[in-house]
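Each chain, letter by letter, is given below.
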Amino acid sequence: MVEILEKYSATKLEDVKVWFKAASVADFPTDGGACVKYKDKQIAVFNFARLDKWYACQNLCPHKMEMVLSRGMIGDDKGAPKVACPLHKKTFSLENGENLNGDLDAIATYPVKVEDGLVYIGFKE
Ligand code: FES
């Protein structure tokens, strides 16, 4: 269990060493998420069109260790973007990964950039 979680570590923009080309903008649902693979990680990527922003986080929900967050509903919590796990509705900030309705560990979040219709996710390695 712990090893699965250790694969994911939050990445800040200033720490990005690799911009991974995930897919084109058209491959992601509007105001929804999709899962992409990078090395041995599953990353949930969200096109939060309503806010005109993109977010990425680990696809792994730390509640029951299920790879499901990309299928979660996105919304906002007092203006802050969040995703709700589709299984038991634990919610996480898409900005810093914090569990907003419980005391689970924060999930890892990753920077996203869009260039020429392509979506890139930033990783430390
Ligand atoms: S597995 Fe995500 S809330 Fe339970």
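What counts and what doesn't
Residues numbered from 1 in each chain as written. Predicted model: local features only at pLDDT ≥ 70, side-chain atom pairs only at ≥ 80, totals over all residues. Heavy atoms only, no water. Pairing = 2+ DSSP bridges. Helix = DSSP H or I, 4+ residues; strand = E, 2+ residues; numbered from the N terminus. Core = buried A, V, L, I, M, F, W, Y, C linked by side-chain atoms within 4.5 Å. Buried < 20%, exposed > 50% of the residue type's maximum accessible area, 1.4 Å probe, protein only. Contact = heavy atoms within 4.5 Å. 1 Å grid on protein atoms, 1.4 Å probe; cavity = no way out; pocket = protein on both sides within 12 Å on 5 of 7 lines; lining within 4 Å. Points joined across faces, edges and corners; volume = space filled by probe spheres on them. Nonpolar A, V, L, I, M, F, W, Y, C, P; charged D, E, K, R; others polar. Polar contact = N/O pair within 3.5 Å; in protein donor to acceptor, adjacent residues only side chain to side chain. Axes fitted to C-alpha atoms, helices over the stretch in contact; angles between N-to-C directions. Salt bridge = Lys/Arg side-chain N within 4 Å of Asp/Glu carboxyl O.

Asker: Summarise the sheet that holds strand 2 (residues 32–38); cite the residues concerned and give the values.
Answerer: Taken together, 4 strands build an open sheet; the order of strands is 2-3-4-10 and the sheet is antiparallel. Only two strands of the sheet have a single partner each, and these edge strands are strand 2 and strand 10 (109–110).

Asker: Quick one: what's the story with the nonpolar core, residue by residue and with numbers?
Answerer: Core analysis: the largest hydrophobic core is formed by 16 residues, its most contacted members being Phe28, Ile43, Val45, Tyr110 and Ile121. The set of elements that each furnish at least two residues to this core consists of strand 2, strand 3 (41–48), strand 4 (53–58) and strand 12 (118–123). When sequence neighbours within four positions are dropped, the list of residues in contact with phenylalanine 28 reads Ala22, Ala23, Ala34, Val36, Val45, Asn47, Trp54 and Val119.

Asker: An account of the layout of surface pockets is needed here, citing residue identities and associated values.
Answerer: The calculated volume of the largest pocket comes to roughly 260 Å³. Looking at the lining of the largest pocket, the elements with two or more residues in it are strand 4, strand 10 and strand 11 (112–115). Here the residues of the lining of the largest pocket are counted per class, giving 9 nonpolar, 3 polar and 4 charged.

Asker: Please provide a residue-by-residue account of the side chain of glutamine 58, values included.
Answerer: Along the chain, glutamine 58 turns up in strand 4. Polar contacts involving the side chain of glutamine 58 include one to the main-chain carbonyl oxygen of leucine 60, which spans 2.8 Å. In contact with glutamine 58, not counting residues within four places along its chain, are Leu5, Tyr8, Gln42, Ala44, Leu69, Ile107, Ala108 and Tyr110.

Asker: Outline the environment of tyrosine 38, supporting the account with residue identities and numerical values.
Answerer: Among the secondary structure elements, tyrosine 38 is positioned in strand 2. Expressed as a C-alpha distance, the spacing of tyrosine 38 and valine 114, which sit 76 residues apart in the sequence, is 17 Å. Excluding residues that lie within four positions of it along the chain, tyrosine 38 makes contacts with Val18, Phe20, Phe123 and Glu125. Polar side-chain contacts of tyrosine 38 include one of 2.9 Å to the backbone oxygen of glutamate 125.

Asker: How would you summarise the environment of histidine 63 if you had to cite specific residues and measurements?
Answerer: Relative to the helices and strands, histidine 63 is located in the loop between strand 5 (60–61) and strand 6 (66–67). When its relative accessible area of 28% is taken as the criterion, histidine 63 is described as partly exposed. Along the sequence, histidine 63 and aspartate 103 sit 40 residues apart, while their C-alpha atoms lie 9.9 Å from each other. Leave out the neighbours within four places in its chain, and histidine 63 touches His88, Lys90 and Leu104.

Asker: Could you give an account of the sheet that holds strand 11, with specific residues and numbers?
Answerer: The strand order across the open sheet built from 3 strands is 1-12-11, with neighbouring strands paired in antiparallel fashion. The open sheet has two free edges, formed respectively by strand 1 (18–24) and strand 11, since each of these has just one partner strand. If you compare each strand with its neighbour and ignore which way they point, the axes differ by 30° on average.

Asker: Just give me the short version of the pattern of salt bridges, but keep the residues and values in it.
Answerer: Under the defined criterion, the tally for this structure stands at 3 salt bridges. Between aspartate 77 and lysine 78 there is a salt bridge; the shortest N-O distance is 3.7 Å. Judged by relative accessible area, aspartate 77 falls into the partly exposed class, the value being 25%. The shortest N-O distance in the salt bridge between lysine 113 and glutamate 115 comes to 3.4 Å.

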